[in-house]
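# Structure at a glance
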Amino acid sequence: MSHSSYELKAVARERVGKGSSRELRRNGSIPAVIYGDKQAPISIVLNTNEVTKRIHAGGFMTTVATIDVDGEKVNVLPKDYQLDPVRDFVLHVDFLRVSANSQVSVQVPVHFINEEKSAIKIGGVLNVVRHDVELHCPADAIPEFITVDLAGHKIGDSLHISHVKLPNGVTPVIGDRDFTIATIVAPAGGVSEGEEAAEA
């Protein structure tokens, strides 16, 4: 399951526009918007430190949060955020409204296990094609990550999405092909005869 949910305090934002946004950031706040679920978008203001802390804690884009907007609680999933290209602080966040039966599309990181039980142990190189995979999930059951088991795989093997056991109700957004997540390739210098014998 994804990271545990959290709550952010926000206030509705009356003025929008670049000048207003710059003023907010100078005062330690960031502009954000909540949209979706067939309702009108709401412009809000959040505390910069709180949001930055959540982004750096990991799992920000895959964790449903509650935003308290002047006393009204809204369940949301972060969909995008902008960082200042020079100073790396948060400029803006987009949140998608979600309900218990919402289906969402999210990028979920891929974790690899059992490298020591594969050809990587004898010098093979794991070539990661996709560090994350876009999945359709119920909003209340977003996986924190998906796991690819490398045990028994040899040099030249490809690992596809079909090798991954996905949780119930979770499907890949790309549904028309068994796409590759990673391959195990020979190192640049090749594998020595002794290592090949060990693998065999």
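Residues numbered from 1 in each chain as written. Predicted model: local features only at pLDDT ≥ 70, side-chain atom pairs only at ≥ 80, totals over all residues. Heavy atoms only, no water.

## Section: the confidence of the model for the protein chain
Cut-off, in case you're wondering: pLDDT expresses how confident the predictor is about each individual residue, on a scale running from 0 to 100. Throughout, a contact is declared for two residues whenever any of their heavy atoms are within 4.5 Å.
Per-residue confidence for the protein chain averages 88 on the pLDDT scale, and 90% of its residues sit at or above 70. Note that residues 193-200 has pLDDT below 50 and, in this model, seven contacts with residues that lie over four places away or in other chains.

## Points about the sheet that holds strand E10 (residues 146-149)
The cut-off we apply is this: Between any two strands, at least two bridges found by DSSP are needed for them to pair. Here a helix means four or more residues in a row that DSSP labels H or I, a strand means two or more in a row labelled E, and each is numbered from the N terminus.
Read from one edge to the other, the open sheet built from four strands follows the order E10-E7-E9-E12, with strand pairing classed as mixed. Looking at the sheet topology across the chains shown, the edges are occupied by E10 and strand E12 (171-172). Bridging between strand E7 (residues 103-113) and strand E9 (residues 132-138) involves seven bridges; their strand directions are antiparallel. Residue pairing for E9: Ser105 is matched across the bridge by His136.

## Looking at the sheet that holds strand E4 (residues 65-69)
Think of a sheet as strands paired side by side through backbone hydrogen bonds, with each pair either parallel or antiparallel. Quick reminder of the rule: Only the stretch in contact is used when a helix axis is fitted, and all axes are lines through C-alpha atoms; the angle between N-to-C directions ranges over 0 to 180 degrees.
Here six strands make up a closed barrel; going around it, the order is E1-E3-E2-E6-E5-E4 and the pairing mixed. Ignoring which end each strand starts from, the neighbouring axes of this sheet average 45 degrees apart. The sheet contacts of helix H2 (residues 48-56) involve strand E1 (7-12), strand E2 (29-36), strand E3 (39-47), strand E5 (72-83) and strand E6 (90-97), and relative to E3 the element is tilted by about 100 degrees.

## Considering the side chain of His92
Condition: In protein, a polar contact means a hydrogen-donor-capable atom and an acceptor-capable atom, both N or O and within 3.5 Å, with residues adjacent in sequence counting only if both atoms are side-chain atoms; elsewhere, any N or O pair within 3.5 Å suffices.
Mapped onto the fold, His92 is located in strand E6. Side chain to side chain, His92 and Asp94 meet in a polar contact 3.3 Å long. If we skip the residues at most four places from it in the chain, His92 touches Pro31, Ala32, Val33, Asp80, Tyr81 and Gln82.

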